[in-house]
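Inside the fold
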Amino acid sequence: MKLNVHEHGEGDKVALLIHGGMSDHRTWHAVEGRLVDQGYRVVAPDLRGHGRSDRGEYRPELLADDLVENLPAGADVAIGHSLGGVSLSLAAARLKPKRAVYCDPGFRLGALAAEAFAFMRAMVDEASPESVRLANPRWSAADVEAELAGFALFDRAFLGSVAGFDGDYLPLAPAVPSLVQLADPSLTIDASAAELLRERGFDVTVVAGTGHCIHRDDLDAFMASLKGWI
């Protein structure tokens, strides 16, 4: 699978940014700018079925294989949001970033109620600038634009596959030093799962007052929570 991979910056450090479901690399535009200003070269793919990457079979293991095949190993930091978080976790031992950050990760996306996926489908199909702004009043105009652009290129068949994800993708141990960054409340990680992650060796932090898309709800708080990790 050949992924569309966006790159920006000429710094000596490398940051991998892995977007969540229904989006594409443009979701990271503001984070990308902050990282480039801090001396990073940002590498951000579109997952299969998203953005300008090809379509195909949709399973977390295949998304992880795509990352390994298309991204550089040994990055200084890798950040994965939601679906991108579970994909990164399955690829981390092979990508070998120095540090990994899992942003409200989809380790248990398959456990979401069927109604949640129906809601997501309707959200994508019926999206307008007004609906996205109403659902996300803290987002910038550029965030709204990026969301709509991602929806326009998203393969709707992906949602049916996610609803059928089998198994628990909560990692047994971190492959590299790892931070789990949770929304308040998290969409996919409840209190017991958060405690289990701590017991398994993950650092876990909650970014107060944010929803599932932490980096778009409160960019400053998102960046502040990464102190010591970037």
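Notes on the structure follow. Computed from a prediction, not measured in an experiment: that's the story for all the values here.

1. Overview of the pairing of strand S6 (residues 178-182)
With five of five residues buried, S6 is to be regarded as a mostly interior element. As paired elements, S6 and strand S7 (residues 203-206) share four bridges and run parallel to each other. Within S7, the position partnered with Leu179 by the bridge is Asp203. Handedness of the S6-helix H8 (residues 191-199)-S7 crossover: right-handed.

2. A word on the packing of helix H2 (residues 60-70) against helix H3 (residues 83-95)
It is the contact of H2 with H3, at a shortest axis distance of 8 Å, that shows an interaxial angle of 55 degrees. The pairing of H2 with H3 is recorded here as oblique in orientation. For the pair H2 and H3, the crossing hand works out as right-handed. Contacts between H2 and H3 pair Pro60, Glu61, Leu63, Ala64, Asp65, Leu67 and Val68 from the former with Leu83, Ser87, Leu88, Leu90, Ala91, Arg94 and Leu95 from the latter.

3. Description of the environment of Phe158
Mapping Phe158 onto the fold places it in helix H7 (residues 157-163). On the accessibility criterion, Phe158 (1% relative accessible area) is buried. If we skip the residues at most four places from it in the chain, Phe158 touches Arg48, His50, Tyr58, Leu63 and Leu83.

4. Describing the sheet that holds strand S1 (residues 5-8)
Pairing is mixed across the open sheet formed by seven strands, whose spatial order is S1-S3-S2-S4-S5-S6-S7. Two strands in the sheet have a free side with no partner beyond their single neighbour: S1 and S7. For this sheet, the mean angle separating the axes of adjacent strands, direction not counted, is 20 degrees. Sheet analysis places S1 next to strand S3 (residues 40-45), joined by four bridges and oriented antiparallel. Each residue of the ladder has a partner; that of His8, found in S3, is Val42. On the sheet, H3 packs against strand S2 (13-18), strand S4 (77-81) and strand S5 (100-103) and is oriented at approximately 150 degrees with respect to S4.

5. Some details on the nonpolar core
Judged by nonpolar contacts, the single largest core of 49 residues is most densely connected at Leu16, Leu67, Leu83, Tyr102, Ile189 and Leu197. The biggest single contributor to this core is H3, with six residues. If you look at the next biggest cluster of nonpolar residues, it comprises 21 residues, including Trp28, Met223, Leu226 and Trp229.

Cut-offs used in this document
Residues numbered from 1 in each chain as written. Predicted model: local features only at pLDDT ≥ 70, side-chain atom pairs only at ≥ 80, totals over all residues. Heavy atoms only, no water. Buried < 20%, exposed > 50% of the residue type's maximum accessible area, 1.4 Å probe, protein only. Helix = DSSP H or I, 4+ residues; strand = E, 2+ residues; numbered from the N terminus. Pairing = 2+ DSSP bridges. Right-handed = clockwise from strand over helix to strand, strands pointing away. Axes fitted to C-alpha atoms, helices over the stretch in contact; angles between N-to-C directions. Parallel < 35°, antiparallel > 145°, perpendicular 65-115°, else oblique. Left-handed = near helix turned anticlockwise from the far one by under 90°. Contact = heavy atoms within 4.5 Å. Core = buried A, V, L, I, M, F, W, Y, C linked by side-chain atoms within 4.5 Å.

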